[in-house]
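Spelled out, the chains give:
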Amino acid sequence: MDIAFFSSQAYDREFFDRENKNHEFRLHYHDTHLGPHSLGLIEGAQAVCAFVNDKLNEEVLQGLAAKGVKTIALRCAGFNQVDLEAAKKLGFKICRVPEYSPYAVAEHAVAMILTLNRKTHKAYARVRDQNFSLSGLLGFDLHGKTVGVIGTGKIGAVFATIMLGFGCRVISYDPNENPELARRGVQPVPLDELLAQSEIISLHCPLIPKVTSHLINAQSIQKMKKGVMLINTSRGGLIDTAAAIHSLKNKHIGYLGMDVYEQEDRIFFKDLTSSIIEDDLIQRLVSFPNVLVTAHQGFFTAEALTQIAKVTLRNLDLCKQGKEIPQEFRVV
Ligand code: NAI
């Protein structure tokens with residue numbers, strides 16, 4: 001079976017080639033996004049392997065069907081990039097990797113909190129410049145602070161447990177409460193209470209159009225404590241970026257950590273060092289001293305990449321053999 005990879009990076013090649021020793025797929029790596037412009041690259045492939053910012057809208061799905069592609073393997077958990085109705089109509093088999101390492105993303109959220117609070121990124125640069133002054137590096141104890149977790153699925157649960165370990169009071173909001181977390185001492189509360197009580201808020205719910213898109217907007221920010229720290233390692237569309245910038249300017253948001261960004265598909269995973277960035281929102285965001293942006297690296301650990309390659313190729317193997325993909329790995 002020939003598989004065309006899109007948005008592939010050197011590390012994808014490394015981990016997938018290693019795992020493919022247990023299979024006999026012919027893997028064709030393309031670094032460009034999957035979109036109408038790249039359909040010409042699919043020469044004789046029966047399957048494509050796509051990532052978070054590949055566009056699988058109706059036009060692209062029709063193009064893939066016309067090329068004879070029957071299977072789409074997403075090497076990620078989320079599938080908000082797929083037009084599910086069109087995919088069903090065209091009879092695609094689409095699979096995903098629902099869980100690879102909740103620790104990778106949860107630990108990255110914690111790294112963002114510690115960096116924003118204790119400013120180790122600034123201290124590192126300062127000391128290398130022989131500046132040993134502490135002014136401007138003042139942080140706060142995490143111990144005793146209230147941390148609000150929005151979404152207590154796999155990643156949110158690991159994150160909440162780590163924050164309990166710091167001695168924080170952890171509260172949560174999720175329409176499907178997690179009883180195990182409640183037993184560990186995480187208190188479920190209505191969303192408005194979480195917004196009002198938390199010194200740190202971390203987003204771990206999926207992006208669902210019309211449900212969670214712009215969950216964090218001008219009104220919800222207004223309900224938060226002044227000086228709140230907001231962390232988003234989930235999906236960029238959960239935050240109305242313009243509203244967040246407004247609240248950073250008037251100091252209602254005290255710290256913002258973003259591993260995801262609503263318009264990230266145009267800039268993340270690329271080296272744009274010598275380019276003119278036309279996106280004024282990201283430029284404004286990175287100009288704040290209390291904003292930390294990382295380029296969707298929450299998943300980026302060796303353990304997670306190993307698991308992603310293993311599950312993706314196993315899903316494709318099941319498809320090749322005409323076997324049923326278990327429900328949790330199936331998108332359509
Ligand atoms: P999960 O499916 O285990 O948990 C999501 C939780 O969100 C569920 O408990 C669900 O009930 C809850 N939820 C749904 N609607 C909600 C709402 N309106 N308000 C509050 N909670 C709501 O998913 P998992 O594995 O924990 O992943 C969470 C998110 O993390 C994913 O949706 C994905 O967007 C993001 N992610 C980010 C990565 C990165 O590299 N930064 C990598 C992997 C996932």
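Look above for the structure.
Throughout what follows, the structure given in this document is the object of discussion. What you see is a predicted model; the values in this text were computed from it and never measured.

Overview of the pattern of salt bridges
Thought 1: This model, assessed by the stated rule, comprises 12 salt bridges.
Thought 2: If you follow the salt bridges from partner to partner, you end up with Glu180, Arg183 and Arg184 in one network.

A short note on the packing of helix 4 (residues 102-118) against helix 6 (residues 154-165)
Thought 1: Relative to each other, helix 4 and helix 6 sit at 45 degrees, their axes nearing to 8 Å. Our classification of the angle between helix 4 and helix 6 gives oblique. Along this stretch, helix 4 crosses helix 6, giving a crossing that reads as right-handed. Here helix 4 contributes Pro102, Tyr103, Val105, Ala106, Glu107, Ala109, Val110 and Ile113 to the contact with helix 6, which in turn contributes Lys154, Ile155, Val158, Phe159, Ile162 and Met163.

Considerations on the packing of aromatic side chains
What describes a pair of aromatic rings is the distance from one ring centre to the other and the angle between the planes of the rings.
Thought 1: Throughout the structure, instances matching the rule amount to eight aromatic pairs.
Thought 2: The rings of Tyr11, Phe51, Phe269, Phe299 and Phe300 are connected pair by pair, giving a single aromatic cluster.
Thought 3: It is Arg314 that lies over the ring of Phe329; its NZ or CZ is 4.6 Å from the centre.

Here we look at the site of the ligand
Thought 1: Around the ligand lies a shell of 23 residues, among which Lys154, Ile155, Asp174, Asn176 and Thr233 are the nearest.
Thought 2: Within the side chain of Asp174, one N or O atom sits 2.7 Å away from an oxygen atom of the ligand.
Thought 3: Backbone polar atom of Thr233 to a nitrogen atom of the ligand: 2.9 Å apart, as the coordinates give it.
Thought 4: Protein contacts shield 85% of the accessible area of the ligand, which totals 860 Å² for the unbound molecule.

Remarks on the side chain of Ser202
Thought 1: Its place among the elements puts Ser202 in strand 9 (residues 200-203).
Thought 2: Residue Ser202 is classed as buried on the basis of its relative accessible area of 0%.
Thought 3: Polar contacts involving the side chain of Ser202 include one to the side chain of His204, which spans 2.8 Å.
Thought 4: Every residue in contact with Ser202, bar those within four places of it in the chain, is listed here: Ala109, Gly148, Val149, Ile150, Phe159 and Ile231.

Here's the deal with the sheet that holds strand 8 (residues 187-188)
Thought 1: Ordered in space as 8-7-6-9-10-11-12, the seven strands form an open sheet in which the pairing is parallel. Bordering the open sheet on either side are strand 8 and strand 12 (291-293), each of which pairs with just one other strand.
Thought 2: Bridge analysis of strand 10 (residues 228-232) against strand 11 (residues 253-258) gives five bridges, and the strand direction is parallel. The residue of strand 11 that forms the bridge with Met229 is Tyr255.
Thought 3: Along the sheet, helix 4 contacts strand 9, strand 10, strand 11 and strand 12; its crossing angle with strand 10, the most-contacted strand, is approximately 145 degrees.
Thought 4: Packing against the sheet, helix 6 makes contact with strand 6 (146-150), strand 7 (169-173) and strand 9, and its axis sits at approximately 175 degrees to strand 6.

The rules we used
Residues numbered from 1 in each chain as written. Predicted model: local features only at pLDDT ≥ 70, side-chain atom pairs only at ≥ 80, totals over all residues. Heavy atoms only, no water. Salt bridge = Lys/Arg side-chain N within 4 Å of Asp/Glu carboxyl O. Axes fitted to C-alpha atoms, helices over the stretch in contact; angles between N-to-C directions. Helix = DSSP H or I, 4+ residues; strand = E, 2+ residues; numbered from the N terminus. Parallel < 35°, antiparallel > 145°, perpendicular 65-115°, else oblique. Left-handed = near helix turned anticlockwise from the far one by under 90°. Contact = heavy atoms within 4.5 Å. Phe/Tyr/Trp six-rings, centres within 6.5 Å; stacked < 30°, edge-to-face > 60°. Lys NZ or Arg CZ within 6 Å of the ring centre and 35° of its normal. Near = heavy atom within 4 Å. Polar contact = N/O pair within 3.5 Å; in protein donor to acceptor, adjacent residues only side chain to side chain. Areas by Shrake-Rupley, 256 points an atom, 1.4 Å probe, with all protein chains shown as cover. Buried < 20%, exposed > 50% of the residue type's maximum accessible area, 1.4 Å probe, protein only. Pairing = 2+ DSSP bridges.

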